[in-house]
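Letter by letter, the chains look like this.
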Amino acid sequence: MTFRARHLLGIDHLGPPEIVTLLDLAETYVDLNKRTVKHSDALAGMTQINMFFENSTRTQASFELAGKRLGADVMSMSVAHSSVKKGETLIDTALTLNAMHPDILVVRHPQSGAVNLLAEKVNCAVINAGDGRHEHPTQALLDALTIRRAKGRLHRLTIAICGDIAHSRVARSNLILLGKMENRLRLIGPRTLMPAGVADLGCEVYDDMREGLKGADVVMMLRLQRERMDGGFIPSEREYFHRWGLDAEKLALAAPDAIVMHPGPMNRGVEIDGTLADDINRSVIQDQVEMGVAVRMAAMDLLARNLRAERGRALAGPGLWDG
Amino acid sequence: MIMHFQNARLIDPEGLSDEPGSLTVENGRIAALGTDAPEGATVIDCNGRALAPGIVDWGVKIGEPGERHKESFRSAGLAAAAGGVTTMIVRPDTVPPIDTPEALEFVARRAADAPVHIRHMAALTKAREGREMVEIGFLYDLGAVAFTDGVRVVTDTKVLSRAMAYAKGIGALIVGHPQDAGLSKGAAATSGKFASLYGIPAVSPMAEVIGLDRDLSLVAMSGCRWHADQITVADALPALRRARKAGLDVSAGTSIHHLTLNEFDVGDYRTFFRFTPPLRSEDDRLAMVQAVADGEIDVIASFHTPQDEESKRLPFEAAAPGAVGLQTLLPAAMRLYHSGALSLPQLWRAMALNPAKRLGLDAGRLSKGAPADLVLFDPDAPFVLDRFTLKSKSKNTPFDGARMQGKVLGTWVAGERVFG
């Protein structure tokens, strides 16, 4: 098995073999999740704590379900309403939790780099469930699995990522992952939502969505992240939809079998036409949600295996086996 | 219909030539130069007078919507035709401003009243308040040739930088008014001996330099297409030079008033000489004329700003700024010609060719295939201007009673005679 990471903080730390290992394992969980009895004992006896410093419904539910199906004791803390409000620092919160001996910590935080900081202070495996506008690795992995299942491969595809790139951690993780797997990446959106220097990361940048969509195999729409904006990036939602919203007419410029993705939650009529989002022939948005649970199960399974191995070595004492 | 202008003095701003010749117009376009009259053509004998491309006047204010008593599309159009202006580039600083596609559609419909071509600029920010950019994409698609808040400076650099970045993606041109809003607040004159003597609140010429430096830095950040509406001080020229050298997509204009008048012309608090920015020193005026000759300043415009009598019959600092200029642009420009500062082709490069090129318009050229937007004029004919003879609804001109030279004899728009 090729997966040696202790934490899953970002795609940046994973190589193509580790990505493939994780996706292959996730396939088995996709099958498991279709059964009536969706249970595995991979995390039996272990404790998983979900700590969301930023409100989330779908990601938190997905992680919670993944942990429960793997047999872990799962606790979800909505930190937005707890000790943080009383003035506790992130590191103190981490140390407090660490004293409770969790095995897996799933963390989402509104500031980039916060999950990395926390990971340095705890003894368990940490999964980044999204930090600021930095990374969201399980989203990129579930997107990769969705693409691989829909297109039959995860390389040499033309993938267009459209919309609010600047505020999107999903975009960053996807750029890294899909780049590592050797795909052709295009970024489409208004200049105000395009991070500086992004062309140097090996993607093509398009102002004109019609140009950018030409021949694309995968069209990945991003949500306009109003909550991360301090106003004034776009003139209006109607103009945004007109120029950068995905509708059937624009999609017609992509490859005839192009799939449409969206990490959710969608703003219908802002970045994507509602009818198109519901088109089961093109939209794989529901598949993404399904893959999400499987990918998170696979990620936690792998981290738990590494954790056990590490603790096994610690119990055995240093130098006993390797001289 | 075929028209043949013979015995003309052809002013060609592309080739910078000023030579005798003839010109044939067919189907609204220039069909030939220097040939004999084709059979059946209506022959117009120019008697050696100058024939030039019609003026493209960038920055015309019309009172529609909101102030139609000051100027309508019809009255401005008639003034334009009488002044040799065949294309008016209209400002969006109306009441309310042209800041939505719906507002642009309204003025575009109203513009049909004018006998000359009209292109519209749109506001850069909603209500020209400097807080949120307008729907640049929709307005651009509808034909807005540029985006500007006029003389209202967008002071929030974040707002301006985002508008510029967004415009860059669309391909839209932004027109800035280089001025530091803090320094120039309340100012009605340029600081110096004159303003001090007369006790008029004044602003340093440096306010324009500060504004220009700031705007050019933001242009460098965003890479957008940008035009300075009015450069009026010599100290601003080095920044403009640097920006061009750095490869920025920038251009600059100035007003005919800043090329032909100076701060002392205000004299005894004459409010028709109140402008934004205020009239400058004679040194700055001369530097601007030289900058036009050198091609450092691309565009000369009238900045036609109609004001009713009540807006001007006030103490100097309380009076509304601006002057009408559609009909006086050409004779005022003749002052620069007769003084030997600029040739007629140089003037027409700045008044017709350059603005048309910068705005992507098919106009401003005197070459085969170009639209027959033409002005026939006598550069020498003298007259004394009586402001009440102007066709504009407003009569606020600083040239009232002035001895001028340069009379428009005829104006054609797409081959149709609209004046003379």
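Residues numbered from 1 in each chain as written. Chains lettered and ligands numbered in written order. Predicted model: local features only at pLDDT ≥ 70, side-chain atom pairs only at ≥ 80, totals over all residues. Heavy atoms only, no water.

If you look chain B up in an unreviewed UniProt entry, it shows as Dihydroorotase from Paracoccus albicereus.

Chain A appears in an unreviewed UniProt entry as Aspartate carbamoyltransferase from Paracoccus albicereus. For chain A, the Pathway (unreviewed entry) comment in UniProt is given as "Pyrimidine metabolism; UMP biosynthesis via de novo pathway; (S)-dihydroorotate from bicarbonate: step 2/3." For the record of chain A, the UniProt heading Subunit (unreviewed entry) holds the text "Heterododecamer (2C3:3R2) of six catalytic PyrB chains organized as two trimers (C3), and six regulatory PyrI chains organized as three dimers (R2)." (UniProt positions renumbered as here; feature names shortened; annotations may be inferred.)

A.B. asks: Looking at this model, I keep getting lost on the overall build of chain A. Mind explaining?
C.D. replies: Per the secondary structure count, chain A includes eleven helices and nine strands. For chain A, the C-alpha radius of gyration of 20 Å lies close to 20 Å, the compact-globule estimate for 323 residues. Counting only C-alpha atoms, chain A reaches 65 × 45 × 40 Å along its principal axes. Long-range pairs, those at least 24 residues apart, make up 74% of the contacts in chain A between residues at least 6 apart in sequence. A total accessible area of about 13,600 Å² is found for chain A, and carbon and sulfur atoms account for 52% of it. Averaging the locations of the 39 positively and 40 negatively charged side chains of chain A gives two centres separated by 1 Å. (Helix = DSSP H or I, 4+ residues; strand = E, 2+ residues; numbered from the N terminus. Rg over C-alpha atoms; globule rule 2.2 N^0.38 Å. Contact = heavy atoms within 4.5 Å. Areas by Shrake-Rupley, 256 points an atom, 1.4 Å probe, with all protein chains shown as cover. Lys, Arg positive; Asp, Glu negative; His and termini not counted. Charge placed at Lys NZ, Arg CZ, Asp CG, Glu CD.)

A.B. asks: Which parts of the structure should I look at to understand the sheet that holds strand 5 (residues 158-162) of chain A?
C.D. replies: Where strands meet in a sheet, backbone hydrogen bonds hold them as pairs that are either parallel or antiparallel. All names here are of chain A. A sheet is described by the order of its strands in space; here five strands give the open sequence 7-6-5-8-9, paired in parallel fashion. A strand with exactly one partner marks an edge of an open sheet, and here the two such strands are strand 7 (204-206) and strand 9 (259-261). For this sheet, the mean inter-axis angle between neighbouring strands, taken without regard to orientation, is 20°. (Pairing = 2+ DSSP bridges. Axes fitted to C-alpha atoms, helices over the stretch in contact; angles between N-to-C directions.)

A.B. asks: What is the right way to look at the interface of chain A and chain B in this model?
C.D. replies: Bring the parts together and some accessible area is lost; that lost area is often taken as the interface size. Each partner contributes to the interface: chain A provides 16 residues, whereas chain B provides 17 residues. Where chain A abuts chain B, roughly 1,500 Å² becomes buried across the two surfaces, and 50% of that area is made up of carbon and sulfur atoms. When residues of chain A are sorted by the area they lose upon contact with chain B, R191(A), P235(A) and R238(A) head the list and together hold 37% of the total. A salt bridge links D141(B) to R243(A), with the nearest nitrogen and oxygen atoms 3.2 Å apart. For the pair chain A and chain B, the interface holds nine residue pairs in polar contact (both at pLDDT 80 or more). Taken together, the residues of the side of chain A that touches chain B sort by class into five nonpolar, five polar and six charged. (Buried area = accessible area lost by both parts, 1.4 Å probe. Salt bridge = Lys/Arg side-chain N within 4 Å of Asp/Glu carboxyl O. Polar contact = N/O pair within 3.5 Å; in protein donor to acceptor, adjacent residues only side chain to side chain. Nonpolar A, V, L, I, M, F, W, Y, C, P; charged D, E, K, R; others polar.)

A.B. asks: Explanation requested: the UniProt feature "domain: Amidohydrolase" (unreviewed entry) in chain B in the structure shown.
C.D. replies: Look at the UniProt record and you will see "domain: Amidohydrolase" (unreviewed entry) annotated at residues 339-419 of chain B. Within the segment residues 339-419 of chain B, helix and strand shares are 19% and 32% respectively, and the terminal C-alpha atoms sit 28 Å apart.

A.B. asks: Whenever I open this one, the layout of surface pockets confuses me. Can you help?
C.D. replies: The rolling of a water-molecule-sized probe over the atoms marks out the regions of remaining empty space. All names here are of chain A. Quantified by volume, the second largest pocket comes out at close to 570 Å³. Listing elements by their share of the lining of the second largest pocket, those giving two or more residues are helix 2 (58-69), helix 5 (137-151), helix 6 (169-180) and helix 11 (285-316). Looking at the lining of the second largest pocket residue by residue, the classes come out as eight nonpolar, 13 polar and eight charged. (1 Å grid on protein atoms, 1.4 Å probe; cavity = no way out; pocket = protein on both sides within 12 Å on 5 of 7 lines; lining within 4 Å. Points joined across faces, edges and corners; volume = space filled by probe spheres on them.)

A.B. asks: I would appreciate a short explanation of the packing of helix 7 (residues 206-222) of chain B against helix 8 (residues 237-245) of chain B in the present structure.
C.D. replies: Helix packing for two helices is described by the angle between their axes and how far apart those axes are. Residues and elements named next belong to chain B. Put simply, helix 7 and helix 8 touch, their axes get as near as 9 Å, and they point 10° apart. Overall, the two elements helix 7 and helix 8 adopt an arrangement that is roughly parallel. Counted together, L212, D213 and L216 of helix 7 and A239, L240, R242 and A243 of helix 8 form the full contact between these two elements. Within the contact of helix 7 with helix 8, the residues separate by chemical class into five nonpolar, no polar and two charged. (Parallel < 35°, antiparallel > 145°, perpendicular 65-115°, else oblique.)

A.B. asks: Could you clarify how one ought to interpret the packing of aromatic side chains in this entry?
C.D. replies: Ring pairs (aromatic) are described by centroid distance and by the angle formed between their planes. Considering all chains together, one arrives at seven aromatic pairs over all chains under this definition. Ring centres 6.0 Å apart and planes at 40° place the aromatic pair Y240(A) and W244(A) in the tilted group. Taken as a pair, Y240(A) and W244(A) lie in helix 8 (residues 237-244) at a separation of four residues, close to a single helical turn. The burial state of Y240(A) is the same as that of W244(A); both residues are buried. Each ring, one from Y198(B) and one from Y269(B), has its centre 5.2 Å from the other, and the planes form 70°; the classification is edge-to-face. Of the two residues, Y198(B) sits in helix 6 (residues 193-198) while Y269(B) sits in the loop between helix 9 (256-260) and helix 10 (282-294), which places them 71 residues apart along the sequence. Here Y198(B) falls in the partly exposed class, since its relative accessible area comes to 28%. One cation-aromatic arrangement involves R162(B) over F233(A); the distance from NZ or CZ to the ring centre is 3.7 Å. (Phe/Tyr/Trp six-rings, centres within 6.5 Å; stacked < 30°, edge-to-face > 60°. Buried < 20%, exposed > 50% of the residue type's maximum accessible area, 1.4 Å probe, protein only. Lys NZ or Arg CZ within 6 Å of the ring centre and 35° of its normal.)

A.B. asks: Help me out: how do you make sense of the domain arrangement of chain B in this one?
C.D. replies: Residue and element names in this part refer to chain B. On domain assignment, one finds that chain B holds domain 1 (2-50 + 376-397 + 404-419) and domain 2 (54-364). One C-alpha centre belongs to domain 1, the other to domain 2; they are set 26 Å apart. In this assembly, 35 residues from domain 1 lie in contact with 44 residues from domain 2. If you sort the residues of domain 1 by the area they bury against domain 2, P13, K393 and N396 come out on top, with a joint share of 21%. The closest approach of N and O atoms between E309 and R387, which form a salt bridge, is 3.0 Å. The interface formed by domain 1 and domain 2 holds 15 residue pairs in polar contact (both at pLDDT 80 or more) in total. No other element matches strand 17 (residues 403-413), which puts seven residues into the side of domain 1 that touches domain 2. (Domains from an automatic or database assignment.)

A.B. asks: What is the right way to read the UniProt feature "domain: Dihydroorotase catalytic" (unreviewed entry) in chain B from this model?
C.D. replies: Within this numbering scheme, the UniProt entry marks residues 48-231 of chain B as carrying the feature "domain: Dihydroorotase catalytic" (unreviewed entry). The annotated region residues 48-231 of chain B carries 36% helix and 20% strand content, and the separation between its end C-alpha atoms amounts to 35 Å.

A.B. asks: Mind showing me how you'd approach the sheet that holds strand 1 (residues 47-52) of chain A here?
C.D. replies: Residue and element names in this part refer to chain A. Reading across the sheet, the four strands line up as 2-1-3-4 and stay open at both edges, with parallel pairing between neighbours. For this open sheet the edge positions go to strand 2 (73-78) and strand 4 (125-131), each flanked by a neighbour on one side alone. Neighbouring strand axes in the sheet, compared pairwise and without regard to direction, differ in orientation by 15° on average. Pairing geometry for strand 1 and strand 3 (residues 104-109), over five bridges, is parallel. Bridged to N50 within strand 3 is V106.

A.B. asks: Where do I start with unusual backbone geometry in this structure?
C.D. replies: A negative phi holds for most residues other than glycine; trans holds for most peptide bonds. The omega angle of the peptide bond from G264(A) to P265(A) is -10°, so this bond is cis rather than trans. Looking at the secondary structure, you find P265(A) in the loop between strand 9 and helix 10 (274-277). With omega at -10°, the peptide bond leading from T276(B) into P277(B) counts as cis. Within the secondary structure layout, P277(B) lies in the loop between helix 9 and helix 10.

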